[in-house]
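# Per-entry structural report
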Amino acid sequence: MQEKLQKILHYLSSKGVRYADARYEEHLQQEISVEDGTLKTLTNNFNSGTGIRVLTENGWGFAATDERGESALEKIADRALEIAQASNKRAKKQVKLAPEPIHQDSFKSPYQKDPFEISEREKIEILKDATLKAKKVEGVARSTGSMLFRKINKVFVSTDGSVIEQQIVVSGAGITAQAVGEGGFQTRSYPSSFGGDHSTKGWEFIEQMNLIEHAPKIAQEVVELVKAPEIEPGEYDIIISGNQLALQVHESCGHPIELDRVMGSELSFAGGSFLSLDKLNNLKYGSEHVTITADATIPGGLGSFGYDDEGVQAQRTFIVKNGLFVGYLMNRQTAAELGLRSNGAARADSWSHLPIIRMTNINLLPGKFTLDELISGIDYGFLLDTNKSWSIDDLRLNFQFATEIAYEIKNGKLTGKVFKNPVYFDITPKFWNKCDGIANENYWHVWGVPNCGKGQPMQVMYVGHGTAPARFRGIKVGVRK
Amino acid sequence: MKGENFYRNLFRLMNEHFMGMKFLSVVSNSEGALTRFANSEIHQNVFEKKSLISVLATRDNKIAVATTNDLSINGLKETRKKLEQMLENSTPLDYEFKLPDVSVGYPVENICDSVKNASAEDRAQIFDKILKASGKDVQAFGYVSDNISENAVISSNGMFVYQAYSSASFNFVALSDSGSGYVSSTAKGYKDLDVDKKIHRAIEFAKKSNNLLEIDPGLYTVILGPEAVSELFFYFSYVCTNGYMHELKMSPSVRFLGQRIGPDNLNVYDDPNHQMQIPLTYDVCGKKREKTPIIENGVFKNIFYSHGAALRFGKKPTGHTISLEDLDFAIPANLVIEGGNTPVDKIISETKSGIYINRFHYMNVVDPYEAMFTGMTRDGTFLIENGQLTRAIKNMRFNVKFFEFTKNIEAISKETESTSGEYFPTVAPFIKVKNFNFTSKTA
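### Details of the overall build of chain B
In terms of regular secondary structure, chain B is built from eleven helices and 18 strands. In terms of overall size, chain B behaves like a compact globule, its C-alpha atoms giving a radius of gyration of 24 Å where 443 residues would be expected to give roughly 22 Å. Taking the principal axes of its C-alpha atoms as reference, chain B extends roughly 70 × 50 × 35 Å. Here chain B, with 443 residues, has 63% of them falling under the buried criterion. Pairs at least 24 apart in sequence give 73% of the contacts found in chain B among residues at least 6 apart. Accessible surface computed for chain B: about 16,300 Å², of which carbon and sulfur atoms make up 46%.

### Quick word on the overall build of chain A
Scanning chain A from terminus to terminus reveals ten helices and 23 strands. Radius of gyration (C-alpha) of chain A: 24 Å, near the 23 Å computed for a compact globule of 481 residues. Viewed in the frame of its principal axes, chain A has a C-alpha envelope of about 70 × 55 × 35 Å. Across chain A, every contact between residues at least 6 apart in sequence was considered, and the portion connecting residues at least 24 apart equals 75%. Of the charged side chains in chain A, 55 are positive and 59 negative, and the gap between their average positions amounts to 3 Å.

### A look at the packing of helix 4 (residues 120-134) of chain B against helix 5 (residues 195-208) of chain B
All names here are of chain B. Helix 5 packs onto helix 4 with a crossing angle of 40° between their chain directions and a minimal axis gap of 10 Å. Considering the angle they form, helix 4 stands oblique to helix 5. Remark: the crossing between helix 4 and helix 5 carries right-handed chirality. Packed against helix 4, whose contacting residues are Ile126, Lys129, Ile130, Ala133 and Ser134, the element helix 5 presents Val195, Asp196, Ile199, His200 and Ile203 at the interface. In terms of residue class, the contact of helix 4 with helix 5 is built from six nonpolar, two polar and two charged.

### What about the pattern of salt bridges?
Scanning the model with the defined rule gives 59 salt bridges over all chains in all. Among the salt bridges present, the one from B:Glu121 reaches A:Lys89, with a minimum N-O distance of 3.3 Å. Of this pair, B:Glu121 sits in helix 4 while A:Lys89 is found in helix 2 (residues 70-89), placing the two residues in two different chains. Notably, a salt bridge pairs B:Arg80 with B:Glu84, separated by 3.0 Å at the nearest N-O pair. Separated by four residues within a single helix, B:Arg80 and B:Glu84 lie in helix 2 (residues 73-89), roughly one turn from each other. By relative accessible area, which is 27% here, B:Glu84 ends up partly exposed. Several salt bridges share partner residues, and in doing so they unite A:Glu35, A:Lys40, A:Arg142, B:Asp94, B:Arg312 and B:Asp328 into one network.

### As for unusual backbone geometry
All names here are of chain A. Pro191 follows Tyr190 through a cis peptide bond whose omega is -5°. Looking at the secondary structure, you find Pro191 in the loop between strand 7 (184-190) and strand 8 (197-199). In this chain, Gln456 is followed by Pro457 through a cis amide linkage whose omega measures 0°. Note on placement: Pro457 falls in the loop between strand 21 (445-454) and strand 22 (459-467). The phi torsion at Phe194 lies on the positive side, around 55°, for a residue other than glycine. Within the secondary structure, Phe194 is located in the loop between strand 7 and strand 8. Exposure remark for Phe194: the relative accessible area of 46% places this residue in the partly exposed category. The residue Asn281 is not glycine, and still its phi comes out positive at about 65°. Counting through the fold element by element, Asn281 comes out in the loop between helix 7 (259-262) and strand 10 (292-295). Taking relative accessible area as the criterion, Asn281 reaches 45% and is therefore assigned partly exposed.

### Quick word on helix 2 of chain A
Spanning 20 residues, helix 2 of chain A covers 29 Å between terminal C-alpha atoms, matching the ideal 28 Å at 1.5 Å per step. Within helix 2 of chain A the residues assigned to the buried category are A:Ala72, A:Leu73, A:Ile76, A:Ala77, A:Ala80, A:Leu81, A:Ile83, A:Ala84, A:Ala86, A:Ser87 and A:Asn88. Packed against the buried residues of helix 2 of chain A are helix 1 (2-14), strand 2 (38-55) and strand 3 (60-65) of chain A together with strand 2 (41-59) and helix 4 of chain B.

### Quick notes on the pairing of strand 5 (residues 139-155) of chain B
All names here are of chain B. Burial within strand 5 is extensive, with 15 of its 17 residues counted as buried. Direction of pairing for strand 1 (residues 22-38) relative to strand 5: antiparallel, over a ladder of 14 bridges. Looking at strand 5, one finds that Thr35 is bridged to Val144. As paired strands, strand 5 and strand 6 (residues 160-175) are joined by 16 bridges and run antiparallel to one another. Paired with Ser145 across the strands is Ser169, a residue of strand 6. The hairpin turn running from strand 5 into strand 6, its antiparallel successor, is four residues long, and Gly158 in that turn takes a positive phi close to 100°.

### Here's the deal with the interface of chain B and chain A
Taken together, the 87 residues of chain B in the interface contact 85 residues of chain A. It is B:Phe47, B:Met250 and B:Tyr362 in chain B that bury the most area against chain A; as a group they hold 10% of the surface buried on that side. Counting every contact that joins chain B to chain A gives eight salt bridges. As a salt-bridge pair, A:Arg90 and B:Glu121 come within 2.7 Å of each other at their nearest N and O atoms. There are 49 residue pairs in polar contact (both at pLDDT 80 or more) connecting chain B and chain A.

### Focus on the pairing of strand 23 (residues 470-477) of chain A
Residue and element names in this part refer to chain A. Bridge analysis of strand 9 (residues 234-240) against strand 23 gives six bridges, and the strand direction is antiparallel. Residue pairing for strand 23: Gly234 is matched across the bridge by Val477. Sheet analysis places strand 19 (residues 423-427) next to strand 23, joined by two bridges and oriented antiparallel. Bridged to Phe425 within strand 23 is Lys476. As paired elements, strand 20 (residues 435-438) and strand 23 share three bridges and run antiparallel to each other.

### Focus: the sheet that holds strand 10 of chain A
Hydrogen bonds along the backbone pair up the strands of a sheet, which may run parallel or antiparallel. All names here are of chain A. Taken in spatial order, the four strands of this open sheet run 12-11-10-15, and their pairing is antiparallel. Two strands in the sheet have a free side with no partner beyond their single neighbour: strand 12 (324-325) and strand 15 (362-364). Along the sheet, helix 6 (residues 242-254) makes contact with strand 10, strand 11 (316-321) and strand 15, crossing strand 15 at roughly 115°.

### Observations regarding the nonpolar core
All names here are of chain A. Formed by 69 residues in total, the largest nonpolar core has its most connected members in Ile238, Tyr285, Ile292, Ile362, Tyr424, Trp432 and Phe472. If you tally residues by element for this core, the top one is strand 17 (residues 398-410), at six residues. Dropping the residues within four chain positions of it, Ile292 is found in contact with Cys253, Tyr285, Phe318, Ile319, Val320, Ile362, Asn363 and Leu364.

### As for the packing of helix 1 (residues 4-17) of chain B against helix 2 of chain B
All names here are of chain B. Packing of helix 1 against helix 2 leaves a shortest axis separation of 10 Å and a crossing angle of 40°. By the angle between their directions, the pair helix 1 and helix 2 is classed as oblique. Classified by chirality, the crossing of helix 2 by helix 1 is right-handed. Mapping the contact onto sequence places Leu10, Leu13, Met14 and His17 in helix 1 and Ile73, Leu76, Lys77 and Arg80 in helix 2. A per-class count over the contact of helix 1 with helix 2 returns five nonpolar, one polar and two charged.

### Some thoughts on the environment of B:Ile278
All names here are of chain B. Relative to the assigned elements, Ile278 resides in the loop between strand 9 (268-270) and strand 10 (292-296). Residue class for Ile278 comes out buried when judged on its relative accessible area of 10%. In sequence terms Ile278 and Leu83 are 195 residues apart; their C-alpha atoms lie 33 Å from each other. Discounting residues that sit within four places of it in the chain, Ile278 has contacts with Tyr165, Ser166, Ser167, Thr186, Ala187, Lys188, Asn334 and Pro425.

The rules we used
- Position labels on residues start from 1 in each chain and follow its written sequence.
- Chain labels run from A onward and ligand labels from 1 onward, assigned in the order the entries are written.
- Residue-level local features of this predicted model are given only where pLDDT is at least 70; pairs of side-chain atoms are given and counted only at 80 or more, and the full residue set underlies all totals for whole chains, interfaces and linings.
- The side-chain numbers reported here are obtained from all heavy atoms of the structure, hydrogens and water having been left aside.
- Secondary structure counts use DSSP, requiring at least four H or I residues in a row for a helix and at least two E residues in a row for a strand, with both numbered from the N terminus.
- Between the two quantities, the radius of gyration covers C-alpha atoms and the globule rule is 2.2 Å times the number of residues to the power 0.38.
- Relative accessibility under 20% of the residue-type maximum defines a buried residue, over 50% an exposed one, and the middle range a partly exposed one, all with a 1.4 Å probe and only protein chains included.
- Here a residue-residue contact requires only that any non-hydrogen atoms of the pair lie within 4.5 Å.
- Using a 1.4 Å probe, the Shrake-Rupley method yields the accessible areas, and only the shown protein chains count as cover for residues.
- Charged residues are defined here as Lys and Arg on the positive side and Asp and Glu on the negative side; His and the ends of the chain fall outside this count.
- Charged groups are reduced to one reference atom each: NZ for lysine, CZ for arginine, CG for aspartic acid, CD for glutamic acid.
- Every axis in this analysis is a line fitted to C-alpha atoms, fitted for helices over the stretch in contact. Angles between the N-to-C directions lie between 0 and 180 degrees.
- Roughly parallel refers to an angle under 35 degrees, roughly antiparallel to one over 145, roughly perpendicular to one between 65 and 115, and oblique to any angle outside these ranges.
- Two helices crossing with the near one rotated counterclockwise from the far one by less than a right angle form a left-handed crossing, whereas a clockwise rotation gives a right-handed crossing.
- In this classification, Asp, Glu, Lys and Arg are treated as charged, Ala, Val, Leu, Ile, Met, Phe, Trp, Tyr, Cys and Pro as nonpolar, and every other residue, Gly included, as polar.
- One side-chain nitrogen of Lys or Arg within 4 Å of one carboxyl oxygen of Asp or Glu is enough to make a salt bridge.
- Working rule for helices: expected span equals 1.5 Å times residues minus one.
- For two strands to be treated as a pair, DSSP must find at least two bridges joining them.
- Buried area, as used here, totals the accessible surface that two parts lose on assembly, with accessibility defined by a 1.4 Å probe and the loss added over both.
- Any pair of nitrogen or oxygen atoms within 3.5 Å is treated as a polar contact; in protein, a donor-acceptor pairing is required on top of that, and neighbouring residues in sequence qualify only through side-chain atoms on both sides.
- For the purposes of this section, nonpolar cores are sets of buried Ala, Val, Leu, Ile, Met, Phe, Trp, Tyr and Cys residues that join through side-chain atoms within 4.5 Å.

Geometric values such as these leave the question of function open.
Put into C-alpha cells, the structure is as follows:
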C-alpha cells in the first residue's frame, strides 16, 4: 500500500501542490455485550480506506474513499485538489506548518496477549459469569457487561518524506448493576461507567480487571443506593475519585487546551475556550497541587501512539505546571502560529476523516497523600465516585457533573452511609484552585475515554486521563429541582 | 451513487454466497462533503465516499453481526466465514429470535439535483453569501454540507427494499465583539435551506448582544426558539420513547404514557413523510416507517419498539430500529413538533417579562427516571420586557424535568423551522413556558 500512496503523492506533486499526505488505515473492531447472563450482541467490523490531504497555496482539501484501485485513488486525489483550490480562492492568510523532522519509522502499541487471538466464547463466558453474579444479589433488576477490542493498522506518507507504519491495539470492558426503587432506578458500574475502562494494552488488561470478582460489590451498592437519601444542597468539602476526575480533567482541561478551539475552529459546534492566547503563562488555572501533562508516550494509555496523523512524533508536554497554565494541544498549523513545534495532537478517528486537534493522554499528576490522609482532612463531606452525567458551557467554564454515588465522610472518616444522585457544579479555574490535595502514585491510573466527540463531520476519538483521587474545598453539591 | 440495480445484483449474490444461512443485511453507500468556516475563512473542506455491508446471521436461536466495507465477492465470502465462526462461539438468546417479516415496498428515491451536482465551489459560494451578509462587524463560523445516501435491506427470506435520499444542511454562528447568534437548517436540497432568511436572524442577534446583563438563578418565563425546542424534544425522544427501557420499567414512560402531559395543542410526531424532513422510509429491518404520533393533543400517546424489543416482549415492531448491532434500541429519526395557532411575534409581544433562548449547549441527562435534563443557554439569550427583546443576558445553566416543562407550556407558535440538530434534523416551533429552572450562572 505504501508504494500506491507514494505514487499518489508524486502525482499530486506533479500538479504543483505545496504539501500533501496520504493515510491508509485498516480497522478491525469487535464488540460483545451481555445482559443478565445472556449474550445480547456479538459483532465484528472491518473497514479500510484512504484519506488524502492536500495544501495548495493556502487552501486545504481532504478527500477519502474505501475503493482500493489506483484509478480510484487518483480520482480521490483530484477531488482533494479541487476542494483545496476552492478553499484557496478565499484564503486570507498564509498557511504555515511548523517544521517537523522527517520520520521513517514504525510503531506498535505494546501488548502481551492479542485480544483477537482470545476466543469469543471465553470473552462471553466472563461477561456471563460477571452479570449473573451481580444479578444474583437480591434487589438487582438488571446487570450488563460489555467488551470492546480494536486493532488499527495504518500507513502514513507525506510529501515531506515521512513514511510511518503503526499498529494500535485497544482493549476495554466494564459491567453494571441496576436496581429499581420507588424514587427511580440507580446504576453502579465497574471499573467505570459508559463501557468501563479502555487502554492500548491487550487481553491482559481485561484479565487484570477481575470483572467477576467485582460484580457482587457493585450489585450490593446499587441495592443500597435505591433506598439512599439525596444530599441536602449546599457547599461541601469533597474528594473526587479517579474515574470521575478523569472526565473532570477531560471536560474542563482537555477540551479548552485544544488550540484549534481556542482559535475558533469549533465555535459553531462544540464551542470556544476560555483559555485565550493571553492566558498562556499568565493564568493561575489551579492551586499549586495541580500539574497537568499531555502525554502520548505512556505505554497502555488510550491516547498513546507513536506518531500523530500529521507524522509528528508522540510527546510529553506540560499544560499546567504547579497551577500555572503553560501549554496547548497543537497541530502543525496552529503551532506555527505560536512559533512552536507541534506537540503531536493531530488525530483522525478513521481513514475517512481529516486529522484535527485531539487530546492524547491528559494527566493530572499524582500528589503526596494517601486516600486516608485526604479523607482525614474533611470534617463533613463526601467522596464522589463514577460519572453519571456531564455538561459544560461553550467556553468550558460553567460545568455540572453527576456521579453514581456519594460516600459520606464525617470527622475524617467514611461513615459507611451512601447518598444517591449527587450533582456538583462550579466554574473551571475557581474549582481547580480549590484543590488542596491529590493522592499519590499508588492510586494513579490512566483511564480510557473511548467516546470523545468533536468536529463536523463528527469524529469519536480514544483518549486517556491519568488521575488519582483529589480533594476540593467548598464545592456546591446538589441542585434545586 | 450506485443505484438500485447494483443492490438488486447484490441481493442475488448474497443469496448465492450465504446459501443455507438465515440472514438480514443492510448494504449502504454514501457520499458526503462539508465545507467548514471560522473567523470568516474556510478552514476545513472535506469529501468522503464509503460503502458498508452489515450482515446479521442467525442459527439455533443465536445471532451474530459482521460488517465490512469490502463489497467484493471475496468480501462476502470472508464475511460468511466470520459469521460461521461467530455463531459457533455465540450463545443462544433468551427470547425466540425471528428474522423480520418480509417487507414489500417500491424503491424510494429522493435525490435533489442541487445536491447531486454540488461541488466544493457551490458550497463555497454559500459561504461567500454568508460572509457578505455578515459585513465587517460580524465574524462567520459554521459549515455547509451535502450528502447522498442509499441503502438496501436484504434478507434470506426474500426481503429487498431500497431507498436513496439527499440532504443539504448548514449552520452559522454570527459573532460580534460582545455576543453571538445562531441558525441552522437541513433540507432535501439546497433550495429549501432558507439560507437567506435565516442568516439575517443570526446576524441581528449577534449585533443585539451587547452590554450583557447578569441575572440570578431562579424560575423564569421563557420563550424557546426552534433550535432550543429541538434539543429538548430530542432528549425526550431519546430517554422516554424506547419500548425496551419501558418494559424494563426504567423509563419515565412507565408513569407518563397515556397521560395528559401538556396543552391540547402540543402534538409531536415521528413523520418520515413531512415535507421538511429527510425521509427515512424503511428502518434497518426493512420495516416501512409511517407517521406516528408520540404526543397527541397533549397526551403522551406512543413509544417505539425495535425488532429485538418487539420479539422479546411480544409487541409489534414500529420501524425504529436504527442498528443491527443493537436490536433493542429504538428512536424516532424524523421528529416533528407541530406548530400551534399563534404567530411568534404575538407570543413575544404578549409577554410582559421573560427570557428568549435561541439555543442550548451541551445538554445531558441528569436523572433518566425523572427525564431531568441540564444544559446551558448559548448564542442569543435576551431579556423580554413589555413584549420586546430588550437586553442580552449572560449564559445560564438550567436543570429541567421534561414533564414539568410540558405541563408549563403556555403557547406554541404557528411557525415551524427545520433545525440540523446534533443527531437528526428536527422540525420545531417557538414555545413559551413558565417556571423554567435556571440553577447557576457563569460569573
